[in-house]
Amino acid sequence: MSLARDHYRIRKLLEDENVLFCYSGPMNEGLLPGLGQLVKQKIAVETDHPGTVQNVFSILVEQIQNVIRYATDRDASELGHGTLTVGRDGTGFFVTCGNRVENDQANRLREKLTSIRAMDRDELKVMYRQILKGEVPEGSKGAGVGFVDIARRSSQPIEFDFITIDDQYSYFALKAIIRPN
Amino acid sequence: MENIKIDATERTPAIDFNFADNRFSLRGESYPEDVPTFFGPALSALESHLRALQAGYVEFDFELIYFNSTSAKVVMKLFDLLEKTAGQGVAVTVNWRFAEDDDNMKELGEEFGEELQEATFNMCALR
């Protein structure tokens with residue numbers, strides 16, 4: 001096997017999926033400003049709609065902060081591991097993020113995301129306000145408002161999926177699609 | 001109370017709290033590494049200052065380019081506090097400044113503005 005060929009295979013796979021940007025590995029708060037600016041710059045070249053750039057950026061922030069706070073993929077330095085992609089979807093863009101979670105956490109997440117996914121724009125707005133006002137018990141460490149924010153900035157219902165890795169862990173992935181207007 | 005003036009960074013807004021003049025503002029981006037640490041001291045100083053006011057005039061400018069969902073809780077807290085202050089008999093004006101082509105900030109401003117009944121709320125589109 002050749003190094004270049006192996007590497008190109010990864011690159012090609014991402015290109016075939018219309019990925020413009022991919023990061024996989026440990027995530028911390030320090031990563032955010034640089035990575036956020038980079039993605040903003042890249043998306044701004046691809047669209048002249050400033051709201052789209054802002055929505056892609058803000059979904060990226062929420063997704064990365066979710067990994068930093070909740071991922072159970074942790075290395076010795078306690079950094080959460082996640083895989084983030086930003087890519088083209090027709091006239092718009094997608095942001096996906098995946099990370100490992102504990103199985104019981106997966107069940108709670110699935111429940112939460114299923115209910116968010118079923119909400120229309122007005123219901124999301126009401127839920128957002130209720131969480132901000134502290135009228136909704138959020139469970140652990142403020143989970144929830146980030147997902148509601150992602151759903152509100154997405155142009156269509158968020159997609160999510162889980163696969164079981166073993167008795168303890170599942171892999172969780174979330175996709176948001178952002179179109180101009 | 002001593003005035004609070006903190007410069008903006010790429011991820012935290014400029015805080016300008018002038019307690020003597022009762023003029024307050026938040027300007028810039030807001031996705032701090034640690035929201036309670038960043039906003040905590042300024043917020044509690046503002047809270048005790050406003051709670052003690054019975055009359056007079058207070059003006060608060062929000063000119064945020066972006067805020068994450070954790071910062072949104074702080075914005076909501078500020079709106080609640082400003083509305084309460086207006087309820088104490090203080091003339092409170094809240095200005096929401098946003099770039100005129102920024103539909104997200106416009107929509108968020110309109111939503112947060114719904115929290116205010118006694119305080120005066122102005123949407124200010126910036127060219």
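Rules used in this analysis
- Residues numbered from 1 in each chain as written.
- Chains lettered and ligands numbered in written order.
- Predicted model: local features only at pLDDT ≥ 70, side-chain atom pairs only at ≥ 80, totals over all residues.
- Heavy atoms only, no water.
- Helix = DSSP H or I, 4+ residues; strand = E, 2+ residues; numbered from the N terminus.
- Rg over C-alpha atoms; globule rule 2.2 N^0.38 Å.
- Buried < 20%, exposed > 50% of the residue type's maximum accessible area, 1.4 Å probe, protein only.
- Contact = heavy atoms within 4.5 Å.
- Areas by Shrake-Rupley, 256 points an atom, 1.4 Å probe, with all protein chains shown as cover.
- Lys, Arg positive; Asp, Glu negative; His and termini not counted.
- Charge placed at Lys NZ, Arg CZ, Asp CG, Glu CD.
- Polar contact = N/O pair within 3.5 Å; in protein donor to acceptor, adjacent residues only side chain to side chain.
- Pairing = 2+ DSSP bridges.
- Axes fitted to C-alpha atoms, helices over the stretch in contact; angles between N-to-C directions.
- Buried area = accessible area lost by both parts, 1.4 Å probe.
- Salt bridge = Lys/Arg side-chain N within 4 Å of Asp/Glu carboxyl O.
- Nonpolar A, V, L, I, M, F, W, Y, C, P; charged D, E, K, R; others polar.

Caption draft 1: Seen up close, the overall build of chain A. What chain A contains, in helices and strands, is six helices and five strands. Counted from the first residue to the last, chain A has its helices and strands arranged as α-β-α-α-β-β-α-α-α-β-β. For a compact globule of 181 residues, the expected C-alpha radius of gyration is about 16 Å, and chain A comes in at 17 Å, within 12% of that figure. Burial status across chain A gives 46% buried among its 181 residues. Expressed as a percentage of contacts within chain A between residues at least 6 apart in sequence, the contacts between residues at least 24 apart total 67%. Accessible area for chain A stands at about 9,300 Å²; split by element, carbon and sulfur atoms hold 52% of it.

Caption draft 2: Looking closely at the overall build of chain B. A count of helices and strands for chain B gives three helices and six strands. Mapped from its N terminus to its C terminus, chain B presents α and β elements in the order β-β-β-α-β-α-β-α-β. Computed over its C-alpha atoms, the radius of gyration of chain B comes to 14 Å, within 12% of the 14 Å expected for a compact globule of 127 residues. Taking the principal axes of the C-alpha coordinates as reference, chain B spans close to 35 × 30 × 25 Å. Taken across its 127 residues, chain B has 54% of its residues classed as buried. Long-range contacts, defined as pairs at least 24 residues apart, comprise 66% of the intrachain contacts of chain B with a sequence gap of at least 6. In the form shown here, chain B has an accessible surface area of approximately 5,800 Å², with 48% of it arising from carbon and sulfur atoms. For chain B, the separation between the mean place of its 11 positive charges and that of its 24 negative charges on side chains is 3 Å.

Caption draft 3: Representation of the side chain of Glu59 of chain B in the model. Residue and element names in this part refer to chain B. Structurally, Glu59 is set in strand E4 (residues 57-67). For Glu59, the side chain forms a polar contact with the side chain of Asn95, separated by 2.6 Å. Once you skip the residues sitting within four places of it in the chain, Glu59 turns out to touch Asn22, Arg23, Phe24, Thr93 and Asn95.

Caption draft 4: Highlighting the sheet that holds strand E1 (residues 19-27) of chain A. All names here are of chain A. Taken in spatial order, the five strands of this open sheet run E1-E2-E3-E5-E4, and their pairing is antiparallel. The sheet is open, and its two edges are formed by E1 and strand E4 (159-164), each paired on a single side. Along the sheet, successive strands turn relative to each other by an average axial angle of 15 degrees, direction set aside. Summarising the sheet, strand E3 (residues 92-102) and strand E5 (residues 169-178) pair through 10 bridges and their orientation is antiparallel. Paired with Glu102 across the two strands is Tyr169, which belongs to E5.

Caption draft 5: Representation of the environment of Gly82 of chain A. Residues and elements named next belong to chain A. Relative to the assigned elements, Gly82 resides in strand E2 (residues 80-89). Residue classification places Gly82 among the buried residues on the basis of a relative accessible area of 3%. Through-space distance from the C-alpha of Gly82 to that of Ala173 is 9.7 Å; in sequence the pair is 91 residues apart. The residues touching Gly82, leaving out its near neighbours within four places in the chain, are Tyr23, Ser24, Gly25, Met27, Val67, Gly98 and Asn99.

Caption draft 6: Structural context of the interface of chain B and chain A. Taken residue by residue, the interface counts 24 residues in chain B and 28 residues in chain A. For the pairing of chain B and chain A, the buried interface totals around 2,100 Å² over both sides, and the portion due to carbon and sulfur atoms is 45%. The interface formed by chain B and chain A contains eight salt bridges. Linking Arg129 of chain A and Glu115 of chain B is a salt bridge whose minimum nitrogen-to-oxygen distance equals 2.4 Å. At the surface where chain B touches chain A, the tally comes to nine residue pairs in polar contact (both at pLDDT 80 or more). Sorting the residues of the side of chain B that touches chain A by element identifies E4, helix H2 (69-87) and helix H3 (103-113) of chain B as the ones contributing at least two each. Here the element with the most residues in the side of chain B that touches chain A is H2 of chain B; it accounts for six residues. Tallied by class, residues from the side of chain B that touches chain A come to nine nonpolar, four polar and 11 charged.

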